[in-house]
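Reading the structure
So you can see what is in the structure, the chains are spelled out below.
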Amino acid sequence: MRHAHLAPALALGMALLGHAPAEAKTYTNPTFGTSASFPEAAFPQADPAPPGGEGGVWRSPDGAELVIYAFPNEKAYDPARLVEWRRTVDRVTYQKRGRNWAVVSGYRPDGRIFYERYIFRGDLIHSVSIRYPETLRDPYDDLVGPVAHSLRAPAR
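Right, let's walk through the structure included here. (Residues numbered from 1 in each chain as written. Predicted model: local features only at pLDDT ≥ 70, side-chain atom pairs only at ≥ 80, totals over all residues. Heavy atoms only, no water.)

On to helix α2 (residues 79–89). Residues of α2 that are buried: Pro79, Leu82, Val83 and Arg86. What you see down the axis of α2 is that its buried residues fit within an arc of 100°, all on one side. Facing away from the buried side of α2 by over 90 degrees, the exposed positions are Glu84 and Thr88. (Buried < 20%, exposed > 50% of the residue type's maximum accessible area, 1.4 Å probe, protein only. Helix = DSSP H or I, 4+ residues; strand = E, 2+ residues; numbered from the N terminus. Arc of directions from axis to C-beta.)

Structural data, given as structure tokens:
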């Protein structure tokens, strides 16, 4: 498995969610090559692929959502500018960034917690986003790190 190092953390997260441990599903976007791994049992409902091929969305019956996608960096964002923009959309309570990556988390306008990781590569921004109700903080907080760190962007 490509992200075998994630297995222990994902198994723990699955146990906390009340699911039997399962292998991580790795999604790779056919248009942009963005990929990430996640416990399929935690996000069992896949939405239909968007017509533009930007990525994929998976949902849980309890209201959590996982989005793996990429988009053209048409506004020439760097990590600092992207974090600034995110602050205009959501209540950001945590941020960290490097030369070609950024992480933001906080609360969406609907009250859900969000955690997003971005990788800047060429003219694209690759991302993984996890959103869940605050009442589900305990089980989903344990999945955030392993899923976010599995995000990969192809060299361009």
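Structure shown, so let's carry the discussion forward.
Here the focus is the pattern of salt bridges. In a structure, side chains of opposite charge can pair up when their charged atoms sit close to one another. Considering all chains together, one arrives at 11 salt bridges under this definition. Between arginine 108 and aspartate 90 there is a salt bridge, with its nearest N and O atoms 3.1 Å apart. Taken together, the residues arginine 108 in the loop between β7 (101–107) and β8 (113–121) and aspartate 90 in the loop between α2 and β6 (91–97) connect sequence positions 18 residues apart. Among the residues examined, arginine 108 registers a relative accessible area of 22% and is labelled partly exposed. Note that aspartate 141 and arginine 137 form a salt bridge whose closest N and O atoms lie 3.6 Å from each other. (Salt bridge = Lys/Arg side-chain N within 4 Å of Asp/Glu carboxyl O.)

Our next topic: the pairing of β8. Across the 9 residues that make up β8, a large majority, 8, are buried. Here 7 bridges tie β7 to β8, and the two strands are oriented antiparallel to one another. Paired with serine 105 across the bridge in β8 is tyrosine 115. Linking β7 back to β8 in an antiparallel pair, the connection comprises 5 residues, with glycine 111 at a positive phi of about 95°. Across 9 bridges, the pairing between β8 and strand β9 (residues 124–132) is antiparallel. Of the residues in β9, the one forming a bridge with arginine 117 is valine 128. Here β8 folds back onto β9, and the loop between the two strands holds 2 residues, one of which, glycine 122, carries a positive phi near 60°. (Pairing = 2+ DSSP bridges.)

Right, let's get into the sheet that holds β7. The strand order across the open sheet formed by 7 strands is β3-β4-β5-β9-β8-β7-β6, and the pairing between neighbours is antiparallel. Unpaired on one side and paired on the other, β3 (45–46) and β6 mark the two borders of the sheet. Across 6 bridges, β6 lies against β7 in antiparallel orientation. The residue of β7 that forms the bridge with valine 92 is glycine 106. Seen against the sheet, α2 touches β5 (65–72), β6, β7, β8 and β9 and runs at an angle of roughly 175° to β6. Strands in contact with helix α3 (residues 137–149) are β5, β7, β8 and β9; relative to β9, the strand with the most contacts, it is inclined by about 165°. (Contact = heavy atoms within 4.5 Å. Axes fitted to C-alpha atoms, helices over the stretch in contact; angles between N-to-C directions.)

Turning to its location among the elements, aspartate 141 is positioned in helix α3. By relative accessible area, aspartate 141 is classed as partly exposed at 32%. With 11 residues separating them along the chain, aspartate 141 and isoleucine 130 place their C-alpha atoms 9.5 Å apart.

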